[in-house]
Protein chains: 2
Amino acid sequence: MRTELPVLPELRLDIPRPDVAEAAATAAVLGDPVRAGILALLRSGPHCVCEMAAALGERQNNVSNHLARLRRAGLVRASRHMVDARWVYYERAEPACAAALDRLGSLLR
Amino acid sequence: MRTELPVLPELRLDIPRPDVAEAAATAAVLGDPVRAGILALLRSGPHCVCEMAAALGERQNNVSNHLARLRRAGLVRASRHMVDARWVYYERAEPACAAALDRLGSLLR
DNA sequence: AGCCCATCTCAGCAGGAACTGATACGATCC
DNA sequence: GGATCGTATCAGTTCCTGCTGAGATGGGCT
(Lines give C-alpha, C1' and ligand atoms only; values in the text may rest on other atoms or scores of the structure.)
Protein backbone atom coordinates (compact mmCIF):
# COMPACT_ATOMS: atom_id res chain seq x y z
CA MET A 1 0.00 0.00 0.00
CA ARG A 2 1.17 3.54 -0.71
CA THR A 3 0.27 6.92 0.66
CA GLU A 4 -1.54 8.97 -1.91
CA LEU A 5 -1.39 12.68 -1.55
CA PRO A 6 2.00 14.41 -1.66
CA VAL A 7 3.48 14.55 -5.13
CA LEU A 8 6.97 15.17 -3.86
CA PRO A 9 8.14 13.99 -0.51
CA GLU A 10 8.63 17.28 1.26
CA LEU A 11 10.20 16.43 4.54
CA ARG A 12 9.39 18.42 7.61
CA LEU A 13 12.39 18.34 9.85
CA ASP A 14 11.38 21.24 12.07
CA ILE A 15 8.53 19.58 13.93
CA PRO A 16 8.69 20.49 17.62
CA ARG A 17 9.09 17.65 20.07
CA PRO A 18 5.74 16.92 21.70
CA ASP A 19 5.71 16.98 25.49
CA VAL A 20 4.66 13.50 26.50
CA ALA A 21 6.73 13.03 29.64
CA GLU A 22 3.76 13.02 32.00
CA ALA A 23 1.62 10.83 29.79
CA ALA A 24 4.41 8.30 29.35
CA ALA A 25 5.13 8.26 33.08
CA THR A 26 1.44 7.68 33.76
CA ALA A 27 1.32 4.82 31.28
CA ALA A 28 4.45 3.31 32.80
CA VAL A 29 2.75 3.21 36.19
CA LEU A 30 -0.21 1.33 34.70
CA GLY A 31 2.03 -0.91 32.61
CA ASP A 32 2.58 -3.52 35.30
CA PRO A 33 0.04 -6.35 35.79
CA VAL A 34 0.12 -6.07 39.58
CA ARG A 35 -0.46 -2.32 39.61
CA ALA A 36 -3.15 -2.59 36.97
CA GLY A 37 -4.76 -5.36 39.01
CA ILE A 38 -4.72 -3.20 42.12
CA LEU A 39 -6.48 -0.36 40.34
CA ALA A 40 -9.04 -2.78 38.93
CA LEU A 41 -9.69 -4.22 42.39
CA LEU A 42 -10.14 -0.78 43.90
CA ARG A 43 -12.90 0.03 41.44
CA SER A 44 -15.25 -1.94 43.67
CA GLY A 45 -14.34 0.05 46.77
CA PRO A 46 -11.53 0.15 49.34
CA HIS A 47 -9.51 -2.95 50.15
CA CYS A 48 -6.71 -3.72 52.57
CA VAL A 49 -3.33 -4.98 51.46
CA CYS A 50 -3.83 -8.60 52.42
CA GLU A 51 -7.09 -8.81 50.49
CA MET A 52 -5.42 -7.50 47.36
CA ALA A 53 -2.40 -9.73 47.81
CA ALA A 54 -4.69 -12.77 48.09
CA ALA A 55 -6.78 -11.77 45.07
CA LEU A 56 -3.70 -11.17 42.92
CA GLY A 57 -1.74 -14.17 44.15
CA GLU A 58 1.19 -11.97 45.10
CA ARG A 59 3.15 -11.56 48.31
CA GLN A 60 2.17 -8.79 50.63
CA ASN A 61 5.46 -6.94 50.52
CA ASN A 62 5.39 -7.02 46.74
CA VAL A 63 1.88 -5.59 46.67
CA SER A 64 2.96 -3.03 49.22
CA ASN A 65 5.82 -2.00 46.97
CA HIS A 66 3.49 -1.47 44.03
CA LEU A 67 1.06 0.40 46.26
CA ALA A 68 3.87 2.74 47.23
CA ARG A 69 4.46 3.55 43.59
CA LEU A 70 0.75 4.10 42.98
CA ARG A 71 0.71 6.35 46.04
CA ARG A 72 3.66 8.39 44.77
CA ALA A 73 1.81 8.77 41.48
CA GLY A 74 -1.16 10.06 43.44
CA LEU A 75 -3.54 7.43 42.07
CA VAL A 76 -4.44 5.82 45.43
CA ARG A 77 -4.77 6.93 49.03
CA ALA A 78 -4.10 4.94 52.21
CA SER A 79 -6.01 5.13 55.46
CA ARG A 80 -5.96 2.96 58.55
CA HIS A 81 -9.04 1.08 59.62
CA MET A 82 -11.22 2.83 62.17
CA VAL A 83 -11.56 -0.12 64.53
CA ASP A 84 -8.32 -2.02 64.07
CA ALA A 85 -5.66 0.36 62.85
CA ARG A 86 -3.33 -2.44 61.90
CA TRP A 87 -5.23 -2.81 58.65
CA VAL A 88 -4.38 -0.25 55.99
CA TYR A 89 -7.16 0.30 53.51
CA TYR A 90 -6.51 1.72 50.08
CA GLU A 91 -8.91 3.57 47.84
CA ARG A 92 -8.59 5.22 44.48
CA ALA A 93 -8.02 8.96 44.23
CA GLU A 94 -10.73 9.57 41.68
CA PRO A 95 -9.67 13.04 40.47
CA ALA A 96 -6.12 11.87 39.90
CA CYS A 97 -7.36 8.79 38.04
CA ALA A 98 -9.53 10.94 35.83
CA ALA A 99 -6.58 13.24 35.14
CA ALA A 100 -4.43 10.24 34.32
CA LEU A 101 -6.98 8.98 31.83
CA ASP A 102 -7.07 12.45 30.30
CA ARG A 103 -3.32 12.41 29.80
CA LEU A 104 -3.54 9.02 28.09
CA GLY A 105 -6.38 10.33 25.99
CA SER A 106 -4.09 13.10 24.77
CA LEU A 107 -2.03 10.33 23.16
CA LEU A 108 -4.83 8.09 21.89
CA ARG A 109 -7.67 10.62 21.69
CA MET B 1 -7.15 9.44 58.54
CA ARG B 2 -9.29 6.36 59.12
CA THR B 3 -11.91 4.55 57.10
CA GLU B 4 -15.28 4.84 58.71
CA LEU B 5 -17.79 2.16 57.97
CA PRO B 6 -16.99 -1.43 58.90
CA VAL B 7 -17.29 -2.10 62.61
CA LEU B 8 -15.26 -5.26 62.45
CA PRO B 9 -12.60 -5.83 59.84
CA GLU B 10 -14.19 -8.62 57.87
CA LEU B 11 -11.59 -9.66 55.39
CA ARG B 12 -12.59 -10.86 51.98
CA LEU B 13 -10.00 -13.31 50.82
CA ASP B 14 -12.04 -14.83 48.02
CA ILE B 15 -11.99 -11.92 45.59
CA PRO B 16 -11.40 -13.18 42.04
CA ARG B 17 -8.33 -11.92 40.27
CA PRO B 18 -9.31 -9.24 37.75
CA ASP B 19 -8.17 -9.82 34.17
CA VAL B 20 -5.96 -6.87 33.37
CA ALA B 21 -3.36 -8.53 31.16
CA GLU B 22 -4.39 -6.71 28.00
CA ALA B 23 -4.81 -3.35 29.68
CA ALA B 24 -1.41 -3.61 31.36
CA ALA B 25 0.25 -4.67 28.11
CA THR B 26 -1.33 -1.71 26.35
CA ALA B 27 -0.12 0.67 29.04
CA ALA B 28 3.36 -0.81 28.85
CA VAL B 29 3.49 0.00 25.15
CA LEU B 30 2.61 3.63 25.88
CA GLY B 31 4.93 3.79 28.86
CA ASP B 32 8.03 4.75 26.90
CA PRO B 33 8.69 8.43 26.07
CA VAL B 34 9.74 7.65 22.50
CA ARG B 35 6.66 5.57 21.73
CA ALA B 36 4.39 8.08 23.41
CA GLY B 37 6.07 10.83 21.38
CA ILE B 38 5.52 8.90 18.17
CA LEU B 39 1.82 8.53 18.87
CA ALA B 40 1.58 12.22 19.73
CA LEU B 41 3.32 13.17 16.50
CA LEU B 42 1.03 10.99 14.44
CA ARG B 43 -2.03 12.78 15.76
CA SER B 44 -1.31 15.52 13.21
CA GLY B 45 -1.22 13.09 10.30
CA PRO B 46 1.22 10.61 8.78
CA HIS B 47 4.96 11.12 9.11
CA CYS B 48 8.00 9.28 7.83
CA VAL B 49 10.62 7.80 10.14
CA CYS B 50 13.25 10.47 9.62
CA GLU B 51 10.79 13.24 10.43
CA MET B 52 9.88 11.59 13.69
CA ALA B 53 13.49 10.84 14.55
CA ALA B 54 14.38 14.50 14.02
CA ALA B 55 11.43 15.75 16.04
CA LEU B 56 12.17 13.41 18.92
CA GLY B 57 15.95 13.84 18.85
CA GLU B 58 16.45 10.09 18.54
CA ARG B 59 18.33 7.93 16.10
CA GLN B 60 16.50 6.47 13.17
CA ASN B 61 17.14 2.85 14.04
CA ASN B 62 15.95 3.45 17.58
CA VAL B 63 12.76 5.08 16.33
CA SER B 64 12.36 2.22 13.89
CA ASN B 65 12.64 -0.24 16.73
CA HIS B 66 9.91 1.49 18.70
CA LEU B 67 7.77 1.71 15.58
CA ALA B 68 8.08 -2.04 15.17
CA ARG B 69 6.70 -2.51 18.66
CA LEU B 70 3.84 -0.10 18.00
CA ARG B 71 3.15 -2.00 14.79
CA ARG B 72 3.07 -5.33 16.60
CA ALA B 73 0.62 -3.81 19.05
CA GLY B 74 -1.52 -2.76 16.08
CA LEU B 75 -1.49 0.92 17.01
CA VAL B 76 0.19 2.19 13.82
CA ARG B 77 0.33 1.19 10.16
CA ALA B 78 3.18 1.61 7.70
CA SER B 79 2.92 2.43 4.01
CA ARG B 80 5.49 3.46 1.47
CA HIS B 81 5.31 6.83 -0.21
CA MET B 82 3.51 6.90 -3.56
CA VAL B 83 6.17 8.83 -5.43
CA ASP B 84 9.38 7.82 -3.70
CA ALA B 85 8.90 4.43 -2.12
CA ARG B 86 12.07 4.75 -0.10
CA TRP B 87 10.13 6.78 2.45
CA VAL B 88 7.96 4.79 4.81
CA TYR B 89 5.10 6.79 6.21
CA TYR B 90 3.38 5.81 9.43
CA GLU B 91 -0.13 6.61 10.49
CA ARG B 92 -2.20 5.74 13.50
CA ALA B 93 -4.66 2.84 13.35
CA GLU B 94 -7.58 4.75 14.79
CA PRO B 95 -9.82 1.82 15.74
CA ALA B 96 -7.00 0.11 17.59
CA CYS B 97 -6.11 3.35 19.37
CA ALA B 98 -9.71 3.79 20.44
CA ALA B 99 -9.81 0.21 21.69
CA ALA B 100 -6.57 0.77 23.60
CA LEU B 101 -8.01 3.83 25.29
CA ASP B 102 -11.08 1.81 26.19
CA ARG B 103 -8.93 -0.83 27.87
CA LEU B 104 -7.15 1.84 29.89
CA GLY B 105 -10.50 3.36 30.76
CA SER B 106 -11.52 0.02 32.22
CA LEU B 107 -8.78 0.58 34.82
CA LEU B 108 -9.25 4.28 35.45
CA ARG B 109 -13.00 4.46 34.73
C1' DA C 1 5.77 -4.79 79.70
C1' DG C 2 6.02 -8.59 76.01
C1' DC C 3 4.13 -10.67 72.04
C1' DC C 4 1.72 -10.95 67.76
C1' DC C 5 -0.11 -8.95 63.66
C1' DA C 6 -0.43 -6.15 59.21
C1' DT C 7 2.28 -3.36 56.79
C1' DC C 8 6.41 -0.80 55.16
C1' DT C 9 11.15 -0.21 53.62
C1' DC C 10 15.38 -1.52 51.78
C1' DA C 11 19.62 -4.08 49.84
C1' DG C 12 20.47 -7.68 46.73
C1' DC C 13 19.67 -10.25 42.82
C1' DA C 14 17.67 -11.69 38.33
C1' DG C 15 15.19 -10.74 34.20
C1' DG C 16 13.99 -7.76 30.64
C1' DA C 17 13.83 -3.65 27.96
C1' DA C 18 16.23 0.29 25.63
C1' DC C 19 20.16 2.18 23.19
C1' DT C 20 24.20 1.37 20.26
C1' DG C 21 26.76 -0.23 16.11
C1' DA C 22 26.95 -2.87 12.26
C1' DT C 23 24.70 -4.99 8.69
C1' DA C 24 20.97 -6.08 5.41
C1' DC C 25 17.06 -4.78 2.73
C1' DG C 26 14.20 -2.32 -0.74
C1' DA C 27 13.96 1.58 -3.79
C1' DT C 28 15.69 5.45 -6.62
C1' DC C 29 19.10 7.82 -9.45
C1' DC C 30 23.19 7.91 -12.41
C1' DG D 1 25.08 -2.19 -13.52
C1' DG D 2 26.71 0.46 -9.22
C1' DA D 3 26.03 4.08 -5.86
C1' DT D 4 23.17 6.15 -2.62
C1' DC D 5 19.26 6.85 0.21
C1' DG D 6 15.70 5.67 3.85
C1' DT D 7 14.55 2.07 6.61
C1' DA D 8 14.65 -2.50 9.05
C1' DT D 9 16.82 -6.01 11.72
C1' DC D 10 19.93 -8.06 14.80
C1' DA D 11 23.70 -9.07 18.46
C1' DG D 12 25.90 -6.80 22.28
C1' DT D 13 26.02 -3.85 26.06
C1' DT D 14 23.93 -1.08 29.44
C1' DC D 15 20.45 0.35 32.24
C1' DC D 16 16.22 -0.07 34.55
C1' DT D 17 12.56 -2.53 37.02
C1' DG D 18 10.36 -6.10 39.49
C1' DC D 19 10.78 -9.90 42.94
C1' DT D 20 12.78 -11.67 47.08
C1' DG D 21 14.28 -11.91 51.98
C1' DA D 22 15.17 -9.75 56.08
C1' DG D 23 14.55 -6.20 59.12
C1' DA D 24 11.96 -2.18 60.86
C1' DT D 25 7.65 0.23 62.02
C1' DG D 26 3.26 0.99 64.15
C1' DG D 27 -0.74 -0.82 66.32
C1' DG D 28 -3.48 -4.15 69.26
C1' DC D 29 -3.98 -7.80 72.75
C1' DT D 30 -3.16 -9.96 77.36
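Preceding block: the structure.
Caption draft 1: Structural view of the protein's contact with DNA strand D. Lining the immediate surroundings of DNA strand D are 24 residues, of which Arg-35, Arg-59 and His-66 of chain A together with Ser-64 and Tyr-90 of chain B lie closest. Each atom of DNA strand D within 4 Å of the protein belongs either to a base or to sugar and phosphate, the latter forming 73%. Between Asn-62 of chain A and DNA strand D, the recorded distance is 3.0 Å, taken from a side-chain N or O atom to a phosphate oxygen. One nitrogen or oxygen atom from the side chain of Tyr-90 of chain B is found 2.5 Å from a phosphate oxygen belonging to DNA strand D.

Caption draft 2: Looking closely at the relation of the copies chain A and chain B. Rotating chain A by 180 degrees and translating it 0.0 Å along the rotation axis places it on chain B, where the RMSD comes to 0.1 Å. This pairing of chains is accounted for by a two-fold axis. Residue Ala-27 of chain A, judged by its C-alpha, is the member of chain A lying nearest the rotation axis, at 2.4 Å. Of the residues that chain A buries at the interface, 100% are likewise interface residues in chain B, meaning the two copies contact each other through the same surface.

Caption draft 3: Broad picture of the protein's contact with DNA strand C. By nearness alone, 23 residues border DNA strand C, and Ser-64 and Tyr-90 of chain A together with Arg-35, Arg-59 and His-66 of chain B come closest of all. Taken together, the sugar and phosphate atoms account for 76% of what DNA strand C places within 4 Å of the protein. Asn-65 of chain A is positioned with one of its side-chain polar atoms (N or O) 3.3 Å from a base nitrogen of DNA strand C. A distance of 3.5 Å separates a phosphate oxygen of DNA strand C from a polar backbone atom of Ala-85 of chain B. Listing elements by their share of the surface near DNA strand C, those giving two or more residues are helix H3 (49-56), helix H4 (60-72) and strand E4 (88-92) of chain A together with helix H4 (60-72) of chain B. For the surface near DNA strand C, the element with the most residues is H4 of chain A, which contributes five residues. Grouping the amino acids of the surface near DNA strand C by side-chain chemistry returns eight nonpolar, seven polar and eight charged.

Parameters at a glance
Residues numbered from 1 in each chain as written. Chains lettered and ligands numbered in written order. Predicted model: local features only at pLDDT ≥ 70, side-chain atom pairs only at ≥ 80, totals over all residues. Heavy atoms only, no water. Near = heavy atom within 4 Å. Polar contact = N/O pair within 3.5 Å; in protein donor to acceptor, adjacent residues only side chain to side chain. Least-squares fit on C-alpha atoms with pLDDT ≥ 70 in both. Contact = heavy atoms within 4.5 Å. Helix = DSSP H or I, 4+ residues; strand = E, 2+ residues; numbered from the N terminus. Nonpolar A, V, L, I, M, F, W, Y, C, P; charged D, E, K, R; others polar.

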